[in-house]
Amino acid sequence: MFFRSNKIIFVLLLIISTITISNAKNDNFKVALTGKYPPFSMYDSHGNLAGFDVDVSKAIADKLDKKLILIATQWDAILPGLLTGKYDVIIGSMAVTKERSKKVNFSDPYYESGAQLFIHKRSANSIKSINDCTDKRIGVVLGETFAQFLRNKHPGIERVTYKSTVDIFNDLDNGRISGFVSDKLLGMYQIKKSKRKFIPTGELLFKEQMAIPVNKNNKILLQEVNKALSEMRESGELQQLFDKWFSNNSVKQKQTSIKRITIIKLFVKGFGLTLLVAFLSIIIGFLLAVPGGLILNNKKITGNKVIRAVNDLFRGTPVLIQLFFVYFGIGGLLSQKFGINLSAITAAIFTLSINAAAYMSEVVRSGLMSVPMGQKYAAKAIGFNKWQIFSLVIWPQAFRIALPPLMNSVVALIKDTALISVITVPEIIRQAQSVISITFDPIKYYLIVALMFYLITFPLMKFSAILEKQIKEKGFGNA
Amino acid sequence: MLKIENLSYKYPDGTVGLKKVSMEIPLERTFVILGESGSGKTTFLRCLGKFIIPQSGSVFYYDEDIKNMDNKKFRQTIGIIFQRLYLFPHMTILKNMSLGPIKILKRDRKETEKEAYNMLERLGIPELAENYPSQISGGQAQRAAIARGLMMHPKIMLLDEPTSALDLKTTNDLAEWLKELNEKTTFIAVTHDIPFAKKVAQHGICLNKGEISSSGDIKKIASHMSSANY
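Given the structure is predicted, the values throughout are model-derived calculations rather than measurements.

## A word on the overall build of chain B
So, step 1. Within chain B, the secondary structure is distributed over eight helices and 10 strands.
So, step 2. Relative to the globule expectation of 17 Å for 230 residues, the C-alpha radius of gyration of chain B, 18 Å, shows essentially globular dimensions.
So, step 3. Each of the three principal axes of chain B carries a C-alpha extent, and together these read 50 × 40 × 35 Å.
So, step 4. Expressed as a percentage of the 230 residues in chain B, the buried residues total 54%.
So, step 5. Sequence-distant contacts, at least 24 apart, represent 67% of the contacts inside chain B between residues at least 6 apart.
So, step 6. For chain B, the exposed surface amounts to about 10,800 Å²; the carbon and sulfur share of it is 48%.
So, step 7. In chain B, which carries 32 positive and 26 negative side-chain charges, the distance between the mean positions of the two groups comes to 3 Å.

Structure, rendered in structure tokens:
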């Protein structure tokens, strides 16, 4: 379900970066971060965003005299979001690179860190530095600067990209990789937190400067942010914040543990949202699918080809890409041309509805097709008019035939909602990821999520099986 | 009286279905249309039922051209039961029968269902009322389909090969049954089953390659047909 390659994101970026965004003046300061990068950004025991980046965001918002709005976004979607104007800045420990600087303007750095190779204690004797890693598998988090560094400076190393540090840790424990490259501060923090037997080895690979990217055409905001940062640096506020999180074991359990009740709340909220999005998409999708299926079933009707094309497009491309295009592409266009803000949930419901309609209309079409023509003749012979023939005779049979496959579409759609986390919708997968970034226990929490989905989909699948049996017994669809 | 004048029908692929068929069908008794398969008898029936439109010629119900009848009136004048019956599988037999009168004739549901039940009783199959079409036998389905057609009280009812799915006993039952029902509705049956034709009717025609090859008394037609190596 996740991107495996930077290329896709890069292509998306290219397409989307052609859309420029005019930032309407307002009093909100919208800041994006991942919420999954402790101790820079994460959820505290009350389910609120906290961390060094969050504190810096608050301080800058104060200086700018604006209201802070934090938006939690997937790391690999965070730049496209900025380019399409979903938020004003990213304060998410983003390192300054040449490539990124082509697309955005970076503020002055607000802290420095460096890339560090970490290995498992058991290989302490065999791996002394990055130079011992040639032909070995080394993990990096997707979208960060480390992958590029390794590719350029150590091409002999086999890079393995991961969605999150948690996955890297598990694979290092299991011996699937020999080590990983991560931010030194972050790595030390996460290793300690998850009680792993990993150690840093060798010198820092390079130093990184973390800064705040701002949209290229938003020069004023860039100046304001730089001014705020320099004031904070001079007054010592920035150092205070840094010390709060990183000096001498300042990492307190209190700030990074998460209460069970908070987890339950996050999961319930997330799953509620998942079900809401799924429910609305199914309803809208079905309402579109009925006329869609009718038109598809009749080649003479104008619009047949249009619906055919839309269906093929939506069924033949990944939902993930569709979500990106609708949210960043269409969403960017709407905000640019009409000043309409397409929210992530609306974009998700829109995309999933069309998707559901594409699949369901095919099911409706085949349901209509499997009603024998003779049924129409017999109804006509009795004297029913066209509408009565359809509503009393054809549709009730077509619908019964279509119901089991429709149920399958419903199940598939409910599972597809897991994808909408990539466009920042705080549904169940995203909530689980936040919890996992603190607890470092992916197996347990993903199992719980899987179970929640199963509790909903299992009865639907059973229901579908029973219906199918009944329909066979009643002899629908037989001439 | 049903008057047919110069009825011709050609299929889209050029095959001749009917060639200038003219005749009069009196509406007092059951009438049969005999013929081999491919003789044009089903085509003829479908023209009478307005399921296909002849390229030339007309059909008159007394003085009225059926072309000019509105749909509702026409379907109450001429009903048709297809060879494959096409009972609606999602409804019970009772619902199959009462749906037309309720929705088309706007009749009261309870009264209609009562009438349908009475008809089933009269036909000796009241136990079928609450059954679905998939639950009944071929002979029962044939009766149920005719009963459904009769609920609309047509003056004429066209039957396409009513005995094709029936064994000898049920064929005989059906013949008896049609005789009883003959009072209010005239049956015009297309069949290649000569013994059945002899049982239900005295008069008929025989079609051959889209033309009337003989007409009149069934027994004569039958002997003519058997001599033609039918």
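From this point on, the discussion continues.
## Re the overall build of chain A
So, step 1. Of regular secondary structure, chain A possesses 18 helices and 13 strands.
So, step 2. Taken along its principal axes, the extent of the C-alpha atoms in chain A is 90 × 55 × 45 Å.
So, step 3. Per element, the accessible surface of chain A, about 22,300 Å² overall, is 59% carbon and sulfur.
So, step 4. A distance of 9 Å separates the average location of the 60 positive side-chain charges in chain A from that of its 33 negative side-chain charges.

## Quick look at the interface of chain A and chain B
So, step 1. Listed as interface residues are 21 residues of chain A and, on the opposing side, 22 residues of chain B.
So, step 2. Buried surface at the junction of chain A and chain B, summed over both partners, amounts to about 2,000 Å²; 67% is from carbon and sulfur atoms.
So, step 3. On the chain A side of the contact with chain B, Ala381, Ile382 and Lys474 of chain A bury the most area, a combined 29% of that side's loss.
So, step 4. Summed over the shared surface of chain A and chain B, the result is zero salt bridges.
So, step 5. Where chain A meets chain B, there are four residue pairs in polar contact (both at pLDDT 80 or more).
So, step 6. Sort the elements by how many residues they give to the side of chain A that touches chain B and helix H15 (residues 373-382) of chain A lands first, with eight residues.
So, step 7. Looking at side-chain class alone, the side of chain A that touches chain B contains 11 nonpolar, six polar and four charged residues.

## A word on a nonpolar patch on the surface
All names here are of chain A.
So, step 1. A contiguous nonpolar patch, built from Leu276, Phe279, Leu280, Ile283, Ile284, Leu287 and Leu288 and spanning about 620 Å² of accessible area, is present on the exposed surface.
So, step 2. Note that Ile284 resides in helix H11 (residues 260-296).
So, step 3. Under the relative-accessibility criterion, Ile284 is labelled partly exposed at 36%.

## Section: the packing of aromatic side chains
Residues and elements named next belong to chain A.
So, step 1. A complete count under the given rule lists 29 aromatic pairs over all chains for this structure.
So, step 2. With a centroid separation of 6.0 Å and 35° between ring planes, the pair formed by Trp387 and Phe390 is classed as tilted. Of this pair, Trp387 and Phe390 are both found in helix H16 (residues 386-416), three residues apart, which corresponds to roughly one turn of the helix.
So, step 3. Given the relative accessible area of 60%, Trp387 is considered exposed.
So, step 4. Counting every residue linked through ring pairs, the aromatic cluster contains Tyr37, Phe40, Phe52, Tyr110, Tyr111 and Phe242.
So, step 5. Sitting over the ring of Tyr327, Lys86 keeps its end group 4.0 Å from the ring centre.

## Structural notes on the pairing of strand S1 (residues 2-10) of chain B
Residues and elements named next belong to chain B.
So, step 1. Here S1 runs beside strand S4 (residues 56-61); their pairing, made up of five bridges, is antiparallel. Bridge assignment links Leu2 to a residue of S4, and that residue is Tyr61.
So, step 2. Pairing of S1 with strand S2 (residues 16-25) involves six bridges; the strand directions are antiparallel. Bridge pairing in S2 places Tyr9 opposite Leu18.

## A word on the sheet that holds strand S8 (residues 111-120) of chain A
Residue and element names in this part refer to chain A.
So, step 1. Ordered in space as S6-S12-S8-S11-S9-S10, the six strands form an open sheet in which the pairing is mixed. Looking at which strands have only one partner, the edges of the open sheet turn out to be strand S6 (94-95) and strand S10 (158-162).
So, step 2. Across the sheet, helix H5 (residues 145-153) lies against S6, S8, strand S9 (137-141), S10, strand S11 (179-183) and strand S12 (198-211), angled at about 110° from S12, the strand it touches most.

## Describing a positive patch on the surface
All names here are of chain A.
So, step 1. Taken together, the side chains of Lys300, Lys376, Lys380 and Lys386 make up a positively charged region of the molecular surface.
So, step 2. If you trace the backbone, Lys376 turns up in helix H15.
So, step 3. Assessed through its relative accessible area of 39%, Lys376 is described here as partly exposed.

## Points about the packing of helix H5 (residues 138-150) of chain B against helix H6 (residues 168-181) of chain B
Residues and elements named next belong to chain B.
So, step 1. Here H5 crosses H6 at 15°, and the two axes come no closer than 10 Å. Considering their axes alone, H5 and H6 lie roughly parallel with respect to each other. With respect to the hand of their crossing, H5 and H6 are arranged in right-handed fashion. Of H6, the residues touching H5 (which contributes Gly139, Gln142, Arg143, Ile146 and Leu150) are Thr170, Asp173, Leu174, Trp177, Leu178 and Leu181.
So, step 2. When the residues that make up the contact of H5 with H6 are grouped by side-chain class, the tally is six nonpolar, three polar and two charged.

## Observations concerning unusual backbone geometry
Note: most peptide bonds trans; most residues except glycine with negative phi.
So, step 1. Residue Ser93 of chain A is not a glycine yet carries a positive backbone phi of 55°.
So, step 2. Take Ser93 of chain A: its relative accessible area is 6%, and that puts it in the buried class.
So, step 3. Of note, Lys209 of chain B is a non-glycine position whose phi angle comes to about 50°, a positive value.
So, step 4. By the secondary structure assignment, Lys209 of chain B is in the loop between strand S9 (203-208) and strand S10 (211-217).

## A few points about the nonpolar core
So, step 1. Of all hydrophobic cores here, the largest spans 122 residues; its most connected members are Phe267, Phe384 and Ile423 of chain A together with Leu2, Ile4 and Phe44 of chain B.
So, step 2. At 13 residues, the largest contribution of residues to this core is made by H16 of chain A.
So, step 3. Ignoring sequence-local partners within four residues, the contact set of Ile4 of chain B consists of Val21, Ser22, Met23, Ile25, Phe44, Leu48, Ser58 and Val59 of chain B.
So, step 4. Ile93, Ala129, Leu178 and Phe187 of chain B belong to the second largest nonpolar core, which has 43 residues in total.

## Focus: the pairing of S11 of chain A
All names here are of chain A.
So, step 1. Counted residue by residue, S11 has five buried out of five residues, so it is predominantly covered.
So, step 2. Relative to S11, S9 runs parallel, the two being bridged by two bridges. Of the residues in S11, the one forming a bridge with Ile138 is Gly179.

## What to know about the side chain of Thr92 of chain B
Residues and elements named next belong to chain B.
So, step 1. Turning to its location among the elements, Thr92 is positioned in the loop between strand S6 (78-81) and helix H3 (93-103).
So, step 2. Taking relative accessible area as the criterion, Thr92 reaches 9% and is therefore assigned buried.
So, step 3. Among all residues touching Thr92, those that are not within four sequence positions of it are Ala129, Glu130, Asn131 and Tyr132.

## Regarding helix H13 (residues 319-337) of chain A
All names here are of chain A.
So, step 1. Across its 19 residues, H13 extends 25 Å between first and last C-alpha, which sits within 8% of the 27 Å expected from 1.5 Å per residue.
So, step 2. Its maximal kink placed at Phe325, H13 deviates by approximately 25°.
So, step 3. Of the residues making up H13, those classed as buried are Val319, Leu320, Gln322, Leu323, Phe324, Val326, Tyr327, Phe328, Gly329, Gly331, Gly332 and Ser335.
So, step 4. Phi turns positive, to about 70°, at Gly339, one or two residues after H13.

What counts and how
Residues numbered from 1 in each chain as written. Chains lettered and ligands numbered in written order. Predicted model: local features only at pLDDT ≥ 70, side-chain atom pairs only at ≥ 80, totals over all residues. Heavy atoms only, no water. Helix = DSSP H or I, 4+ residues; strand = E, 2+ residues; numbered from the N terminus. Rg over C-alpha atoms; globule rule 2.2 N^0.38 Å. Buried < 20%, exposed > 50% of the residue type's maximum accessible area, 1.4 Å probe, protein only. Contact = heavy atoms within 4.5 Å. Areas by Shrake-Rupley, 256 points an atom, 1.4 Å probe, with all protein chains shown as cover. Lys, Arg positive; Asp, Glu negative; His and termini not counted. Charge placed at Lys NZ, Arg CZ, Asp CG, Glu CD. Buried area = accessible area lost by both parts, 1.4 Å probe. Salt bridge = Lys/Arg side-chain N within 4 Å of Asp/Glu carboxyl O. Polar contact = N/O pair within 3.5 Å; in protein donor to acceptor, adjacent residues only side chain to side chain. Nonpolar A, V, L, I, M, F, W, Y, C, P; charged D, E, K, R; others polar. Patch = residues over 30% accessible without salt bridge, like charges linked within 9 Å, V, L, I, M, F, W, Y side chains within 5 Å. Phe/Tyr/Trp six-rings, centres within 6.5 Å; stacked < 30°, edge-to-face > 60°. Lys NZ or Arg CZ within 6 Å of the ring centre and 35° of its normal. Pairing = 2+ DSSP bridges. Axes fitted to C-alpha atoms, helices over the stretch in contact; angles between N-to-C directions. Parallel < 35°, antiparallel > 145°, perpendicular 65-115°, else oblique. Left-handed = near helix turned anticlockwise from the far one by under 90°. Core = buried A, V, L, I, M, F, W, Y, C linked by side-chain atoms within 4.5 Å. Expected span 1.5 Å × (residues − 1). Bend = angle between axes of the 7 residues up to and from the residue.

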